[in-house]
Amino acid sequence: QLCDRCVFMRQLPSIYDAAVLEAHFASGAEAARLNHRVAQIAQIAGHTAFGLATTFATQYVEQYLLQQKTTKQLWEAVWQLRAHEVADAFTELGPTFVKLGQALASRPDLVGPHLANELRSLQDAMPFFSTAMARKIIEEDIGPSAAPLL
């Protein structure tokens, strides 16, 4: 679940005007929220990518350089664990990343069977949150003009 500082697009202008948008994102508060969100994404993605890279490197070294025959079941379990970590990272990063994960779940040819299977949990087993929280997030993002829509 995202912290309040992570919802960085509060009261974003609804009509495209380059000067207005530049002023909006140049404000100290908006820049700080944007920087915080970028740092959060980088931290979570970096941690997850590091885990995937070390697993891949370890498997490569064992199988091809040292020519060890680690059991296939062991590597299946390791990749399943890494896939679960990736799905958790998508969930932690919020709705945009959940949607990306849901789309990737239908493409095992791109992400592999373990990750595709784990990402399917983003399609049907997402944790629920209250309607009040959804309204609050929408009002913070859109501003007071969202009230009639809700």
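These numbers were taken from a predicted model, which means no experiment stands behind them. (Residues numbered from 1 in each chain as written. Predicted model: local features only at pLDDT ≥ 70, side-chain atom pairs only at ≥ 80, totals over all residues. Heavy atoms only, no water.)

A separate point is the overall build of the protein. Counting its secondary structure elements, the protein contains eight helices and zero strands. Secondary structure of the protein in N-to-C order comes out as α-α-α-α-α-α-α-α. Long-range pairs, those at least 24 residues apart, make up 57% of the contacts in the protein with a sequence separation of at least 6. Roughly 10,200 Å² of accessible area belongs to the protein as shown, and the carbon and sulfur atoms make up 64% of that amount. (Helix = DSSP H or I, 4+ residues; strand = E, 2+ residues; numbered from the N terminus. Contact = heavy atoms within 4.5 Å. Areas by Shrake-Rupley, 256 points an atom, 1.4 Å probe, with all protein chains shown as cover.)

Turning our eyes to something else, we now look at the nonpolar core. A83, V86, A87, F90, V98, A105, L115, L119 and L122 together form the largest nonpolar core, which totals nine residues. If you list the elements that add at least two residues to this core, you get α3 (72-93), α4 (95-105) and α6 (113-119). With four residues, the single largest contributor to this core is α3. Those residues within four positions of A105 in sequence are excluded, and the remaining contacts are A116, L119, R120 and Q123. (Core = buried A, V, L, I, M, F, W, Y, C linked by side-chain atoms within 4.5 Å. Buried < 20%, exposed > 50% of the residue type's maximum accessible area, 1.4 Å probe, protein only.)

It is worth spelling out a nonpolar patch on the surface at this point. A cluster of nonpolar side chains, contributed by F56, Y60, V61 and L66, occupies part of the molecular surface with about 400 Å² of accessible area. Position of V61 relative to the elements: it lies in helix α2 (residues 28-65). (Patch = residues over 30% accessible without salt bridge, like charges linked within 9 Å, V, L, I, M, F, W, Y side chains within 5 Å. Salt bridge = Lys/Arg side-chain N within 4 Å of Asp/Glu carboxyl O.)

Moving on, we come to the pattern of salt bridges. Following the criterion strictly, the structure yields two salt bridges and no others. For R82, the salt bridge identified is with E85, shortest N-O distance 2.7 Å. Placement of both R82 and E85 in helix α3 is noted, with a separation of three residues, approximately one turn of the helix. Two residues, R107 and D109, come together in a salt bridge whose shortest N-O distance is 2.5 Å. R107 gets classed as partly exposed once you look at its relative accessible area, which sits at 36%.

Moving on to α3. Taking 1.5 Å as the rise per residue, α3 with 22 residues should run 32 Å; its terminal C-alpha atoms sit 32 Å apart, in good agreement. For α3, the set of buried residues is W75, R82, A83, V86, A87, A89, F90 and L93. Take α3 and look down its axis: the buried residues cluster within an arc of 155 degrees, on one side only. (Expected span 1.5 Å × (residues − 1). Arc of directions from axis to C-beta.)

Quick look at the packing of α3 against α4 now. In contact at an axis separation of 7 Å, α3 and α4 are set at 145 degrees when each is read in the N-to-C sense. Residue-level contacts link F90, T91 and L93 of α3 to F97, V98, L100, G101 and L104 of α4. Here the contact of α3 with α4 is composed, by residue class, of six nonpolar, two polar and no charged. (Axes fitted to C-alpha atoms, helices over the stretch in contact; angles between N-to-C directions. Nonpolar A, V, L, I, M, F, W, Y, C, P; charged D, E, K, R; others polar.)

What follows deals with the confidence of the model for the protein. Averaged over every residue, the pLDDT of the protein is 79; residues scoring 70 or more account for 80%. Across the protein, the secondary-structure element scoring lowest on mean pLDDT is helix α8 (residues 131-142), at 73, and the one scoring highest is helix α5 (residues 108-111), at 92. Every residue in residues 1-9 is under pLDDT 50, and counting partners more than four places away or in other chains gives 23 contacts. (pLDDT = per-residue confidence, 0-100.)

Turning our eyes to something else, we now look at the environment of D124. Mapped onto the elements, D124 comes out in helix α7 (residues 121-124). Judged by relative accessible area, D124 falls into the exposed class, the value being 66%. Measuring from C-alpha to C-alpha, the distance between D124 and Q102 comes to 9.4 Å, with 22 residues separating the pair along the chain.

Glancing now at the side chain of R37. Positionally, R37 belongs in helix α2. It turns out R37 is buried and unbridged, and the closest side chain with the opposite charge, E92, is 8.3 Å from it. (Lys, Arg positive; Asp, Glu negative; His and termini not counted.)

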